[in-house]
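Structural characterization, general
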Amino acid sequence: MLSCDTYLSPGSLDDALAAVAASDGRFRFVAGATDLLPWAREGRAGDVHVPLLVDISGIPDLRTIEPRDGRIWIGAATPFQRFLDHPELIRLMPGMPDCAVWFADNQIRESATIGGNLVNASPSGDGIPPLLTANATIELAALRDGAIRRRRVSLVDFIKGPGQTEAEHDEILLGVECDTLEGYGGAFEKVGHRRSLVIAVVCLSAVVRLDPSGTRFEDVRVAIGGVGPVARRMTDVEQRLIGQPITAELLRACLVGCEQFVMSRTRQEYRKLVAPGFVARGLANAIERAGGSPDACGIAKEIANG
Amino acid sequence: MPTFGDLKLSRRDMLMGTAATLALGNAPNTASAQDAGVSGGAVALAAGTPSLAKVSFTVNGAAHDLNLDTRTTLLDALREHLHLTGSKKGCDQGQCGACTVIVEGRRIASCLSLAVMHQGDAITTIEGLGTPDNMHPMQAAFVKHDGYQCGYCTPGQICSAVAMLDEIKAGMPSHVTADLEATPQLTNAELRERMSGNICRCGAYSNIAEAITEVAGSPA
Ligand SMILES: Cc1cc2nc3c(=O)[nH]c(=O)nc-3n(C[C@H](O)[C@H](O)[C@H](O)COP(=O)(O)OP(=O)(O)OC[C@H]3O[C@@H](n4cnc5c(N)ncnc54)[C@H](O)[C@@H]3O)c2cc1C
């Protein structure tokens, strides 16, 4: 079980950082606790004592969702369920709702936060691929020499390996700033041992923008997770598609070599079969949601169905 | 054996504890994907008397001030301290739904939430939805349709179903909603998907679906 001497729920960033500074490093941040509590249970870490538990979910900036500098700010304490019911998020982040419906179940999504998912940095964290396709920038804050130091890191640089991030122990992840992708079609593909409540064996996010006729790719962004130590953008695939008319030939060509992204230690063969299939299916679903012409949708579906 | 970076502690060390608390800063993490990220900065050992913390919230309309061991989950606070034993402990890891309660109008897994995290919250449990003499429509429908066999998952199923119908009303899509932007309809497929966080080992799913469908007022 997880125990602490003091549980704090600071109402401001200043208070949170001051409490952390006074704790001599003996603290832990907590948001939804959906990673922390199961970890501190029998069979995994067992009894864990943290002198100070700092619940960051009450800090205003971490609870904010708003436009900023032409992008959208999503506070770290935003639970995944908000991607399904927050109108602005649905409009500007078309890659997320589909990710959220694949994420755990309704009960967990109501607690599980985006910040927790990023700091946990699981190779199969479902929130990571769609945020990669939104070119997410992470904002961190810590107390340095008595003043708040804020810094920004791209998500690509933030996650360094399984469970390893750029965040220092006393740095709070404030939130992510993302490209607004209004008018894009988004899709998320995931497979695990069953439909609900599973760790992804492979997960993939695709967002596309088409020309007004719905027959040509204007922008394509694809990211894959679960197949290596960190989730990655599939830039080769993207480059082959951007600016091109949607044809069967093009779609087939872009699948060649997708299996190179599979670098996991286990289930390589299976994942290498799934990866190109997910690219095809993700693109087909995203094309449909981006307003693809009946022809374009038909072609993409056919390729996705093998 | 719990591992905090390079430091390995045996279960016995953990149980016995020591007077000094060990802080490990930003320790490297364990190798398993499941444990990714969580182990960094962990601190080992629980020694001496448990730490208590005060928390106040309302449960089913009644205000409660509790002084709890900080380890206490919301589920344990409800069951062991307030003796509201309707909410059940099934898997204790957020995977079965038996502990589902409604917090500020939203359903959560109470086993994966610390009680101290709920300062000021309004919580509804199965006891607050209705009583045997004055059942909530969802409770009455479960009785009528035999939406259970052993009954262990039932309080969670009912709390989940009540919150779920509100989510549909609010237009929240699910995995089977064809158009994520259109208003979802309560089809049988929608209902089953949305209730997928509540597991019934007796397999009373058909009857559960009938009960919920009746309350929602649409044919299965
Ligand atoms: C039943 C179940 C199903 C799940 N299903 C999925 C799934 O389908 N997909 C998936 O990706 N994950 C899943 N998870 C894992 C988990 O729910 C997610 O990783 C979640 O996003 C974690 O967020 P949290 O707020 O609960 O994190 P917490 O447990 O509160 O924290 C996780 C880690 O992040 C740190 N932290 C949290 N917030 C901050 C911050 N703002 N700044 C600095 N550090 C911070 C904490 O100290 C801790 O190390 C599941 C978990 C359970 C129990």
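Conventions we followed
- Residues numbered from 1 in each chain as written.
- Chains lettered and ligands numbered in written order.
- Predicted model: local features only at pLDDT ≥ 70, side-chain atom pairs only at ≥ 80, totals over all residues.
- Helix = DSSP H or I, 4+ residues; strand = E, 2+ residues; numbered from the N terminus.
- Buried ≥ 20, exposed ≤ 12 C-beta atoms within 10 Å, placed from the backbone.
- Contact = placed C-beta atoms within 7 Å.
- Rg over C-alpha atoms; globule rule 2.2 N^0.38 Å.
- Near = placed C-beta within 6 Å.
- Nonpolar A, V, L, I, M, F, W, Y, C, P; charged D, E, K, R; others polar.
- Pairing = 2+ DSSP bridges.
- Axes fitted to C-alpha atoms, helices over the stretch in contact; angles between N-to-C directions.
- pLDDT = per-residue confidence, 0-100.
- UniProt positions renumbered as here; feature names shortened; annotations may be inferred.
- Core = buried A, V, L, I, M, F, W, Y, C linked by C-beta atoms within 7 Å.
- Parallel < 35°, antiparallel > 145°, perpendicular 65-115°, else oblique.
- Left-handed = near helix turned anticlockwise from the far one by under 90°.
- Domains from an automatic or database assignment.

Turning our eyes to something else, we now look at the overall build of chain B. Across its full length, chain B carries 7 helices and 9 strands. Counting across all 220 residues of chain B, residues that qualify as buried make up 46%. For chain B, contacts bridging at least 24 residues in sequence account for 52% of all contacts bridging at least 6.

Here we take up the overall build of chain A. Scanning chain A for helices and strands turns up 13 helices and 14 strands. For a compact globule of 306 residues, the expected C-alpha radius of gyration is about 19 Å, and chain A comes in at 20 Å, within 12% of that figure. Projected onto its principal axes, the C-alpha positions of chain A cover 60 × 45 × 30 Å. Looking at chain A as a whole, 56% of its 306 residues qualify as buried.

A few words on the site of the ligand. All names here are of chain A. Close contacts around the ligand come from 36 residues, with Ala-31, Gly-32, Ala-104, Gly-116 and Asn-117 the closest. Elements represented by at least two residues in the shell around the ligand include exactly β2 (27-30), α2 (36-39), α6 (106-111), α7 (114-120) and β10 (172-179). For the shell around the ligand, the leading source of residues is α7, giving 5 residues. Grouping the amino acids of the shell around the ligand by side-chain chemistry returns 19 nonpolar, 14 polar and 3 charged.

To continue, consider the sheet that holds strand β7 (residues 100-103) of chain B. The strands that make up a sheet are held in pairs by hydrogen bonds between backbone atoms, and each pair lies either parallel or antiparallel. All names here are of chain B. Ordered by their spatial adjacency, 5 strands build an open sheet running β6-β5-β9-β7-β8, and the pairing between neighbours is mixed. In this open sheet, the two edge strands, each paired with only one partner strand, are β6 (62-69) and β8 (106-109). Neighbour-to-neighbour, the strand axes of this sheet turn through a mean angle of 40°, independent of strand direction. Across 2 bridges, strand β5 (residues 52-59) lies against strand β9 (residues 122-124) in parallel orientation. Bridge pairing links Thr-58 to Ala-122 in β9. Packing against the sheet, helix α5 (residues 154-169) makes contact with β7 and β8, and its axis sits at approximately 35° to β7.

Moving on to the confidence of the model for chain B. Residue and element names in this part refer to chain B. For chain B, per-residue confidence averages 81 on the pLDDT scale, and 76% of positions sit at 70 or higher. Throughout residues 1-37 the model reports pLDDT below 50, and contacts reaching past four residues in sequence, or to other chains, amount to 87 contacts. If you check the scores for this complex, the pTM reads 0.90 and the ipTM reads 0.88.

Two residues of an α-helix separated by three or four positions point the same way, owing to the 3.6 residues in each turn. Those residues of helix α2 (residues 74-81) of chain B lying buried are Leu-74, Leu-75, Asp-76, Ala-77 and Leu-78 of chain B. Those residues of α2 of chain B that are buried lie in contact with β5 and β6 of chain B.

The next subject is the sheet that holds strand β11 (residues 185-191) of chain A. All names here are of chain A. Sheet architecture is open: 4 strands sit in the order β11-β12-β13-β14, paired in antiparallel fashion. One side of each edge strand has no neighbouring strand; the edge strands of this open sheet are β11 and β14 (232-233). In the packing of helix α12 (residues 268-289) onto the sheet, contacts are made with β11, β12 (202-210) and β13 (217-225), and the angle to β12 comes to roughly 30°.

The next subject is the UniProt feature "domain: FAD-binding PCMH-type" (unreviewed entry) in chain A. Look at the UniProt record and you will see "domain: FAD-binding PCMH-type" (unreviewed entry) annotated at residues 1-183 of chain A. What you have in residues 1-183 of chain A is 29% helix and 31% strand, and the ends, taken at the C-alpha atoms, are 46 Å apart.

Along any regular strand, the residues point their side chains to alternate faces of the sheet. Residues and elements named next belong to chain A. Among the 7 residues that make up β11, 6 are buried, leaving the element largely enclosed by the rest of the structure. Where β11 meets β12, 7 bridges bridge the pair, whose relative direction is antiparallel. When the bridges of β12 are listed, Val-191 appears paired with Val-202.

All names here are of chain A. With 160 residues, the main nonpolar core has Val-54, Ile-56, Val-208, Ala-275, Val-279, Leu-283 and Ile-287 as its most contacted residues. The leading source of residues in this core is α12, at 9 residues. When near neighbours in sequence (up to four residues on either side) are disregarded, Val-54 contacts Leu-8, Pro-10, Ala-16, Ala-19, Val-20, Phe-27, Phe-29 and Val-30.

Between two packed helices, the angle of one axis relative to the other and the distance separating the axes together describe the packing. Residues and elements named next belong to chain B. Relative orientation of the contacting elements helix α4 (residues 137-144) and helix α7 (residues 205-216) amounts to 140°, with a least axis distance of 8 Å. Taken together, α4 and α7 sit at an angle that is classed as oblique. Our pair here, α4 against α7, has a crossing hand that is right-handed. Counted together, Pro-137, Met-138, Ala-141, Phe-142 and Lys-144 of α4 and Ala-211, Glu-214 and Val-215 of α7 form the full contact between these two elements. Classifying every residue of the contact of α4 with α7 by side-chain character gives 6 nonpolar, no polar and 2 charged.

Within the element layout of this structure, Ala-167 of chain A appears in the loop between β9 (164-165) and β10. Sequence separation of Ala-167 of chain A and Ile-138 of chain A is 29 residues, and the distance between their C-alpha atoms is 9.8 Å.

Take the domain arrangement of chain A next. Domain boundaries assigned for chain A yield domain 1 (2-57), domain 2 (60-179) and domain 3 (185-304). For domain 1 of chain A and domain 3 of chain A, the distance between their C-alpha centroids amounts to 38 Å.

This brings us to the environment of Val-279 of chain A. Residues and elements named next belong to chain A. With respect to the secondary-structure elements, Val-279 resides in helix α12. Residue Val-279 is classed as buried on the basis of its 24 C-beta neighbours within 10 Å. Separated by 25 residues in sequence, Val-279 and Ala-304 have C-alpha atoms that sit 8.2 Å apart. Excluding anything up to four places from it in sequence, Val-279 contacts Leu-204, Val-222, Met-234, Val-237, Leu-255 and Cys-258.

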